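Analysis of the macromolecular model
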Amino acid sequence: MIKIYGMKTCPDCTYVEEQVKGNDKYEIIDIGLHVKDLKAFLKLRDNSPVFDVAKRIGAAGIPCFVLEDGTVTLNPEDAGLCSRPVNEGATCNIDGSGC
């Protein structure tokens, strides 16, 4: 099963979530619903070099995908999904550059 860490308030996350509805190959983990899920995500974020660029540019690093082999990625395509088109508007970063 592929785990997807995200939040309902993130447009990139909701775009990904729509693609996996009803597909039990994926598990959506909303890090805003329970502190245990936020802690699990923060442990990943704090210890994985995958997040180095996200942290450097002030991004949250969601959606985040943990593949079945344990690989952590921020690329939806690595999980068999599509990224939200850049021209769709809303972004998560304070500077408007993305999540």
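Our subject is the structure listed above.
Calculation criteria
- Residues numbered from 1 in each chain as written.
- Predicted model: local features only at pLDDT ≥ 70, side-chain atom pairs only at ≥ 80, totals over all residues.
- Heavy atoms only, no water.
- Helix = DSSP H or I, 4+ residues; strand = E, 2+ residues; numbered from the N terminus.
- Buried < 20%, exposed > 50% of the residue type's maximum accessible area, 1.4 Å probe, protein only.
- Contact = heavy atoms within 4.5 Å.
- Areas by Shrake-Rupley, 256 points an atom, 1.4 Å probe, with all protein chains shown as cover.
- Pairing = 2+ DSSP bridges.
- Lys, Arg positive; Asp, Glu negative; His and termini not counted.
- Salt bridge = Lys/Arg side-chain N within 4 Å of Asp/Glu carboxyl O.
- Expected span 1.5 Å × (residues − 1).
- Arc of directions from axis to C-beta.

1. Observations concerning the overall build of the protein chain
Looking only at helices and strands, one finds 3 helices and 4 strands in the protein chain. Shown N-terminal to C-terminal, the secondary structure of the protein chain runs as helices and strands in the order β-α-β-α-α-β-β. Buried positions account for 39% of the 99 residues belonging to the protein chain. Counting only contacts in the protein chain whose residues sit at least 6 apart along the sequence, the fraction spanning at least 24 positions is 53%. Of the roughly 5900 Å² that the protein chain leaves accessible, carbon and sulfur atoms contribute 54%.

2. A closer look at the sheet that holds strand 2 (residues 26-30)
With mixed pairing, 4 strands are arranged side by side in an open sheet as 2-1-3-4. Unpaired on one side and paired on the other, strand 2 and strand 4 (72-73) mark the two borders of the sheet. Relative to strand 2, strand 1 (residues 2-6) runs parallel, the two sharing 5 bridges. By the bridge assignment for strand 2, Tyr5 is matched with Ile29.

3. What about the side chain of Arg45?
Structurally, Arg45 is set in helix 2 (residues 35-47). Comment: no salt bridge for buried Arg45; closest opposite-charge side chain is Asp46, at 5.1 Å. Ignoring sequence-local partners within four residues, the contact set of Arg45 consists of Phe51, Lys55, Ala59 and Ala60.

4. Let's talk about the pattern of salt bridges
The tally for this structure, following the rule as stated, stands at 4 salt bridges. The salt bridge partner of Lys8 is Glu17, with a shortest N-O separation of 3.0 Å. In this structure Lys8 comes out as exposed when scored by relative accessible area, which is 51%. With relative accessibility at 19%, the residue Glu17 sits in the buried group. Asp37 is the partner of Lys36 in a salt bridge, and the nearest nitrogen-oxygen pair spans 3.2 Å.

5. Observations regarding helix 2
The end-to-end C-alpha distance of helix 2 is 18 Å, a good match for the 18 Å that 13 residues give at a rise of 1.5 Å each. Restricting attention to buried positions, one finds in helix 2 the residues Asp37, Phe41, Leu44 and Arg45. In an axial view of helix 2, the angular spread of the buried residues amounts to 95°, which keeps them on one side of the axis. Residues of helix 2 that are exposed and angled more than 90 degrees away from the buried face: Val35, Lys36, Lys39, Lys43, Asp46 and Asn47. For helix 2, the secondary structure elements touched by its buried residues are strand 1, strand 2, helix 3 (52-57), strand 3 (64-66) and strand 4.

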